Amino acid sequence: MAEKAAGKAKETSLKDISVYCGVSIATVSKALNGHKDVSEETIRRIRKAAKELGYRPNSAAKALKTNRTYNLGILFVDAAQSGLTHDYYAELLDSFKREAEARGYDLTFINSNRSEKNSMSYLDHAKYRGFDGVCIACVDFYDPDVIELARSDIPIVTIDHVYNNRMVVISDNVKGMADLVGYCVDMGHRKIAYIHGADSAVTQARLSSFYKTTYERGIQIPDAYVCEAAYRNTDETYRETIRLLNLPDPPTCILYPDDFAAFGGINAIHDQGLSIPDGVSICGYDGIRITRHITPHITTLRQDTKEMGRKAAELLITLIEHPKTTLIQQAMVEGSLYKGETVKRLN
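(A) Quick peek at helix H9 (residues 173-186). For H9, with 14 residues, the first-to-last C-alpha span of 20 Å sits near the 20 Å given by 1.5 Å per residue. Residues of H9 that are buried include every one of Asn173, Gly176, Met177, Leu180, Val181, Gly182, Tyr183, Cys184 and Val185, and no others. Remark: glycine 188 follows H9 within two positions and exhibits a positive phi of approximately 100°.

Okay, structure coming up:
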């Protein structure tokens, strides 16, 4: 009683659980770690006993035994400084978190606030924290510090960018853009403009698919119909939309780099005294949640962020736990066309 009062009560061990359940310590360890060579009934019984006995796993001891910290790093640097309010990546990273935690891993963000006081590189930070692996998402993939991390011996999974011999989860941007453009053409549009995002692997894939799809459908796109605005930048899409609408032969349909950026275009269209879709049709990209709560509903390509996040965590943890037998792969995740209400059918 004195020991308990002093906060020195003996912690429940694997041996205590094995004695309580009448099984070996090895069986207890396997059950608590979800090994498949232990029956479901035994796993349930052992986990119930562990809870009743107040067992708490010791992460430091587990790390010494397995040579792993069960901690994954997340490198997420949004150029627009929107952080986890970024609709697309917030959902993706939440799905990554759920899958990782279900597999027994914790997450830590790699410090991206670079300063003279904090001159530690991304790789140094990852090694300092002892991450078992790192997920790289929404960064300047050509940043020397990011490249250094990607080329290290730490298990890596990237989102929407391919490095040689690295795991990557990619949204099928080629098919997504083809589906979106194809739908607009099927609705009778031939004057289709595209305000694409800043240069990146994602942008290049979508832009090439845009040109390829329009070419295959017998549509010629004037150079003036294609322009650039940064992702999620409503000011730039506002400006480019005004320019497009004031062309001698303006487009009947405008595609935007993403749903959020499309709000800038919507404001520009209204300021020009036009309505959507009767005055001009529009399409977004991503399928973020907020677009489902405005009218008219934006026609968009909904990316499967839930599957992308889940798949990224699955691939990274498989690589960590089975490095010799895991094949490095590019996992392609398809999105789905949401027809919405912002593309008018032309005669």
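That covers the picture; the talk isn't over yet.
(B) Structural context of the pairing of strand E5 (residues 167-171). Burial within E5 is extensive, with five of its five residues counted as buried. Every second residue of E5 is oriented toward a common face, with Met167, Val169 and Ser171 on one face and Val168 and Ile170 on the other, all of them buried. Pairing analysis gives three bridges linking strand E4 (residues 156-159) to E5, with the strands arranged parallel. Note that in E5 the partner of isoleucine 159 across the bridge is valine 169.

(C) Structural detail: the packing of helix H2 (residues 14-21) against helix H4 (residues 40-52). Across the interface, H2 lies against H4 with an axial gap of 10 Å and an inter-helix angle of 120°. One finds that H2 runs oblique with respect to H4. Here the hand of the crossing between H2 and H4 comes out right-handed. Contacts between H2 and H4 involve Ile17, Tyr20 and Cys21 from the former and Arg45, Ile46, Ala49, Ala50 and Glu52 from the latter. Residue composition of the contact of H2 with H4, grouped by class: six nonpolar, no polar and two charged.

(D) A look at the sheet that holds strand E8 (residues 253-255). An order of E7-E6-E8-E9 is seen for the four strands of this open sheet, with the pairing classed as parallel. Every interior strand has two partners, whereas the edge strands, strand E7 (226-228) and strand E9 (281-283), have only one. Taking the axes of each pair of neighbouring strands and ignoring which way they run, one obtains an average angle of 20° across the sheet. Helix H11 (residues 234-245) rests against strand E6 (192-196), E7 and E8 of the sheet, and its axis sits at about 155° to E6.

(E) Region of interest: the pairing of strand E3 (residues 133-137). Where burial is concerned, most of E3 is hidden: five out of the five residues are buried. Note: strand E1 (residues 71-76) against E3, five bridges, orientation parallel. Within the sheet, the bridge partner assigned to isoleucine 74 lies in E3 and is cysteine 135. Pairing geometry for E3 and E4, over three bridges, is parallel. Within E4, the position partnered with valine 134 by the bridge is isoleucine 156.

Cut-offs applied
Residues numbered from 1 in each chain as written. Predicted model: local features only at pLDDT ≥ 70, side-chain atom pairs only at ≥ 80, totals over all residues. Heavy atoms only, no water. Helix = DSSP H or I, 4+ residues; strand = E, 2+ residues; numbered from the N terminus. Expected span 1.5 Å × (residues − 1). Buried < 20%, exposed > 50% of the residue type's maximum accessible area, 1.4 Å probe, protein only. Pairing = 2+ DSSP bridges. Axes fitted to C-alpha atoms, helices over the stretch in contact; angles between N-to-C directions. Parallel < 35°, antiparallel > 145°, perpendicular 65-115°, else oblique. Left-handed = near helix turned anticlockwise from the far one by under 90°. Contact = heavy atoms within 4.5 Å. Nonpolar A, V, L, I, M, F, W, Y, C, P; charged D, E, K, R; others polar.

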